[in-house]
Every structure is written in structure tokens, then in C-alpha cells.
Amino acid sequence: ANAGSKSGRGALIVLEGLDRSGKSSQCARLLSYMEGQGCRAEGWRFPDRGTSVGQMISAYLANESQLDDRTVHLLFSANRWEKRALMESKLLGGTTRIVDRYSYSGVAFSAAKGLDIEWCKAPDVGFIAPDLVIYLDVQPEKAAERGGYGGERYEKIEFQKRVADRYHSLRDSTWKIVDGSLSMETVEEQLRELATNCIQESQEKPLTNLAW
Ligand code: DGP
Ligand code: NA
Ligand code: NA
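Model, not experiment: these values are computed from the prediction.

J.: Honestly, the packing of helix 2 (residues 52–61) against helix 3 (residues 69–81) in this entry has me stumped. Any pointers?
T.: Relative orientation and spacing of two packed helices are given, respectively, by the angle between their axes and the distance between those axes. Remark: helix 2 packs on helix 3, axes separated minimally by 9 Å, with the N-to-C direction vectors making an angle of 135°. Taken together, the axis directions place helix 2 and helix 3 in an arrangement best described as oblique. In terms of crossing hand, the pair formed by helix 2 and helix 3 is left-handed. Seen from helix 2, the contacting residues are Val53, Gly54, Met56, Ile57, Tyr60 and Leu61; seen from helix 3, they are Asp69, Val72, Leu75, Phe76, Ala78 and Asn79.

As C-alpha cells, then:
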């Protein structure tokens, strides 16, 4: 899987999907597979709740604080900006990054509240464009059945339906839609193949910026 990776850059692989779509488990599985293949890969997730901006986001999601919708939108974006330079140096240094949520979450969740979609995209212009976006497609009703939601702010079925609509309007040629209602093993197998191909194809391509 890693032939030639000593000289090539790493790939930016993003997983997106509704809450309880299985992203986090699949990210972990994919990462350990990649490591087992001798591929230099790291997992990452947004929001990164460990920074001070991330702590504000975390308190908001837990309904411990109230914030204006646009303010929250900009905090999520700022939380990604905090990591952009590190992400670029990792990728250029040959490390693949498998990222649980990215700018697409940023736009889909905020636009689902009724904010203008173009306004929502603007603060994320200039992030590194992913080489591959894997969307784990799960019906909102099915996702809700999976052990229920944890009680965070957005974990409500009607809201998740609107998020799914916004996600679908963001699809581009880097997106692959995977049926997240299939078994864990089947989904895992599909992700391995998509990621392996992506890593090989990305090695010699320059990094580009997200421009929606
Ligand atoms: P997670 O830690 O992946 O469960 O994400 C927490 C919640 O925050 C989840 O409901 C998705 C939502 N979310 C993730 N990224 C963003 C973002 O950039 N903007 C907004 N508004 N919501 C986001
Ligand atoms: Na969540
Ligand atoms: Na998650």
C-alpha cells in the first residue's frame, strides 16, 4: 500500500456523515489497518475539543453555554484553522491523515440551522482540499436507532435530516458515498480499498486549497 511513499506526500482523507453514522469507529479501523500496512498515517478529528476554542465548542454542544449561530460557526472554523499549518507540514512530510469531520460538517450543520450556505463556506476557503471525502450514508432514522443519541445539541432526528440535505448539496468529484447501513466489516473493506487507491494516486499531486 505504501510503495513509493518515502518520496511522495501523504493523502488527506476525510470521513463525513451524520451523528451516529459510524465515522469514528471506521476512522479507527482504517487507521489501524494503514499502520499494519506500514503506511505512515495519523488519525485526527474535528472539532478538536482540546484547544481553548475547542472547549468553547464543547460547552456549547453540551448545552452548557448559549452562543449566537454565526459565532459558533466561526468558532468551528477557527478550530480547523488552528490546525491548518500542522496539517500541511504532516502531509508534505509524507504522513497520511485520516480526519473525522472537516469543512463539510462546518457548512452542513450551520446551513441546516438556516444560515446562508455561501456565507457558511466563506471562512473555510483556503483550507487544504481533501484528496478523498468518504460520506457514510445512513438514514437519520437508522442512525438514531444505533444506541440512541448522546444528548448533545444537534442529536435530533429532524435536525439531522436537514443536515443530510445540506451534505448532499456539497458533493463534488472527490466524494465517495459508502452505504453506512452495511455491516461494519463490509464498510471497513470498502474504506480500505478507497483509501489505498487514494494514497497511491495522491503521492505526486500537489496540495491544493479548498475552493467551493
Ligand atoms: P462529533 O465530535 O464528531 O460528534 O461532533 C460534534 C457535533 O458537532 C456533531 O453533532 C457534529 C457537529 N459539528 C462538527 N463540526 C461542526 C462544524 O464545523 N460546525 C457545526 N455547526 N457543527 C459541527
Ligand atoms: Na456527536
Ligand atoms: Na463522531
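J.: Sorry, what's going on with the coordination of the sodium ion (ligand 3) here?
T.: Tetrahedral coordination by four donors sets the ideal angle at the metal to 109.5 degrees; octahedral coordination by six donors sets it to 90 or 180 degrees. Donor atoms from the polypeptide that bind the sodium ion (ligand 3) are Lys23 (NZ) and Ser24 (OG), placed at 2.5 to 3.1 Å. Here the sodium ion (ligand 3) and the sodium ion (ligand 2) are spaced 5.2 Å apart. Note on lysine 23: relative accessible area 5%, which makes it buried. Exposure remark for serine 24: the relative accessible area of 34% places this residue in the partly exposed category.

J.: Explain helix 8 (residues 157–170) here, please?
T.: Compared with an ideal rise of 1.5 Å per residue, which puts 14 residues at 20 Å, helix 8 spans 20 Å between its outermost C-alpha atoms and is within 8% of the ideal. In this structure, the buried residues of helix 8 make contact with strand 1 (12–17), helix 5 (103–111), helix 6 (117–121), strand 4 (132–137), helix 7 (140–145) and strand 5 (175–179).

J.: What exactly am I supposed to notice about the pattern of salt bridges here?
T.: Should their charged atoms come close, side chains of opposite charge can pair. Going through the model one piece at a time under the given rule, you end up with 17 salt bridges. Between lysine 90 and glutamate 42 there is a salt bridge, and its shortest N-O distance comes to 2.9 Å. Pair noted here: lysine 90 is in helix 4 (residues 84–92) and glutamate 42 is in strand 2 (residues 41–45), with a separation of 48 residues, a long-range link. According to the relative accessible area criterion, glutamate 42 is partly exposed, its value standing at 25%. Salt-bridge contacts for lysine 121 lead to glutamate 118; the nearest nitrogen and oxygen are separated by 3.4 Å. With lysine 121 and glutamate 118 both in helix 6 and three residues apart, this pair spans about one turn of that helix. Overall, the relative accessible area of 47% leaves glutamate 118 in the partly exposed class. Via salt bridges that share partners, Lys23, Arg45 and Asp100 belong to a single interconnected network.

Each value, and the rule that gives it
Residues numbered from 1 in each chain as written. Chains lettered and ligands numbered in written order. Predicted model: local features only at pLDDT ≥ 70, side-chain atom pairs only at ≥ 80, totals over all residues. Heavy atoms only, no water. Axes fitted to C-alpha atoms, helices over the stretch in contact; angles between N-to-C directions. Helix = DSSP H or I, 4+ residues; strand = E, 2+ residues; numbered from the N terminus. Parallel < 35°, antiparallel > 145°, perpendicular 65-115°, else oblique. Left-handed = near helix turned anticlockwise from the far one by under 90°. Contact = heavy atoms within 4.5 Å. Donors = N, O, S within 2.8 Å, 3.2 Å for Na, K, Ca; no water. Buried < 20%, exposed > 50% of the residue type's maximum accessible area, 1.4 Å probe, protein only. Expected span 1.5 Å × (residues − 1). Salt bridge = Lys/Arg side-chain N within 4 Å of Asp/Glu carboxyl O.

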